[in-house]
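Reading the structure
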Amino acid sequence: GAGVSQSPSNKVTEKGKDVELRCDPISGHTALYWYRQSLGQGLEFLIYFQGNSAPDKSGLPSDRFSAERTGGSVSTLTIQRTQQEDSAVYLCASSLYGTSEAFFGQGTRLTVV
Amino acid sequence: RKEVEQDPGPFNVPEGATVAFNCTYSNSASQSFFWYRQDCRKEPKLLMSVYSSGNEDGRFTAQLNRASQYISLLIRDSKLSDSATYLCVVNGIGGTYKYIFGTGTRLKVLA
């Protein structure tokens, strides 16, 4: 595809359930990033992948959050035992290499009820 | 001190005006610099990269001053469609390649 693709675009889940968010980066992009943005707030870094490795996962807010990337392509962000404060837009971005321009997907809007 | 700081605004300007946004960053080892725009409830979109020599793209001009750790964006002849939040972004701080975003400057161009 031409751009970064995220699915689902919207997810409503009950508190305590697990959710998986998916990101398909631009083909050939080696770096992949997850951010989240709460309503009216700035972008909060979660984790960065170079290939399948995550050299920086300093932004994951708790051990309920995990992410993996396989085949140097698709990435999945998993949130276990969701809480209401996890409600936000989760944005994925990819870049050709670490310091080049990053391109974002349209995001997954997660609502925990 | 925040790693990337921007004036949140809002900046309300008439159509046709010239407006400038500034941004400062705290780490002199930062490697790459960008401006993004974000429309309400949308993802950030790359506006332009910023180079030490300065660069221009149509009505938009970006400047980087490494000595002062300062980035600027100038918009000439503002259009209604320029209304958005402008995000200053820095990468390559401390050997990690995560993008650090400022909180953004809101611009509203008035008819």
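Let me begin by describing the structure that accompanies this report. The model shown is predicted, which means the values in this text are computed figures rather than measured ones.

**Thoughts on the state of the cysteines**
Residue and element names in this part refer to chain A.
- A complete count under the given rule lists 2 disulfides over all chains for this structure.
- The side chain of Cys-23 participates in a disulfide bridge whose partner is Cys-92; the two sulfur atoms lie 1.9 Å from each other. Around the S-S axis, the bridge from Cys-23 to Cys-92 shows a dihedral of about -70° and counts as left-handed. Of this pair, Cys-23 sits in strand E3 (residues 19–24) while Cys-92 sits in strand E9 (residues 88–95), and the two are 69 residues apart along the sequence. Per residue, the accessibility class of Cys-23 equals that of Cys-92, and both read buried.

**Regarding the pairing of strand E9 (residues 84–91) of chain B**
Residues and elements named next belong to chain B.
- Extensive coverage of E9 is indicated by the burial of 8 of its 8 residues.
- Residues of E9 alternate between two faces, with Ala-84, Tyr-86, Cys-88 and Val-90 on one and Thr-85, Leu-87, Val-89 and Asn-91 on the opposite face, all of them buried.
- Of the strand pairs in this sheet, strand E4 (residues 32–38) and E9 are connected by 7 bridges, and their pairing is antiparallel. Residue Tyr-36 lies in a different strand from E9, and its bridge partner there is Leu-87.
- Two strands pair when backbone bridges link them, and E9 and strand E11 (residues 105–110) are joined in this way by 3 bridges, in the antiparallel orientation. Opposite Thr-85, over in E11, you have Arg-106 as the bridge partner.
- The pairing of E9 with strand E10 (residues 99–101) spans 3 bridges and is classified as antiparallel. Pairing of Asn-91 across the sheet is with Tyr-99, part of E10.

**Examining the packing of aromatic side chains**
- Counted under the stated rule, the structure contains 14 aromatic pairs over all chains.
- Their ring planes at 45° and their centres at 4.9 Å tell us that Tyr25(B) and Phe33(B) sit as a pair that is tilted. With respect to burial, Tyr25(B) and Phe33(B) carry one shared label: buried.
- Between the aromatic rings of Phe34(B) and Tyr36(B), the centroid separation amounts to 6.3 Å while the plane-to-plane angle is 70°, which identifies the pairing as edge-to-face. By the burial criterion, Phe34(B) is buried, and Tyr36(B) matches it.
- An aromatic cluster is defined as three or more aromatic residues linked by ring pairs; in this entry it consists of Tyr33(A), Tyr35(A), Phe45(A), Tyr48(A), Phe104(A), Phe34(B), Tyr36(B), Tyr99(B) and Phe101(B).

**Things to note about the pattern of salt bridges**
- Evaluated as defined, the whole model comprises 9 salt bridges over all chains.
- Across the pair Arg36(A) and Glu44(A) runs a salt bridge, and its minimum N-O distance is 2.8 Å.
- A salt bridge links Glu43(B) to Lys45(B), with the nearest nitrogen and oxygen atoms 3.7 Å apart.
- Owing to a relative accessible area of 13%, Glu43(B) belongs among the buried residues under this scheme.
- Assessed through its relative accessible area of 47%, Lys45(B) is described here as partly exposed.

**Some thoughts on the environment of Asp57(B)**
Residues and elements named next belong to chain B.
- Considering the arrangement of structural elements, one finds Asp-57 in strand E6 (residues 55–57).
- As for Asp-57 and Ile-75, which are separated by 18 residues in sequence, their C-alpha atoms are 9.9 Å apart.
- Those residues in contact with Asp-57, other than ones at most four positions away along the chain, are Leu-47 and Met-48.

Conventions used here
- Residues numbered from 1 in each chain as written.
- Chains lettered and ligands numbered in written order.
- Predicted model: local features only at pLDDT ≥ 70, side-chain atom pairs only at ≥ 80, totals over all residues.
- Heavy atoms only, no water.
- Disulfide = S-S within 2.5 Å.
- Helix = DSSP H or I, 4+ residues; strand = E, 2+ residues; numbered from the N terminus.
- Buried < 20%, exposed > 50% of the residue type's maximum accessible area, 1.4 Å probe, protein only.
- Pairing = 2+ DSSP bridges.
- Phe/Tyr/Trp six-rings, centres within 6.5 Å; stacked < 30°, edge-to-face > 60°.
- Salt bridge = Lys/Arg side-chain N within 4 Å of Asp/Glu carboxyl O.
- Contact = heavy atoms within 4.5 Å.

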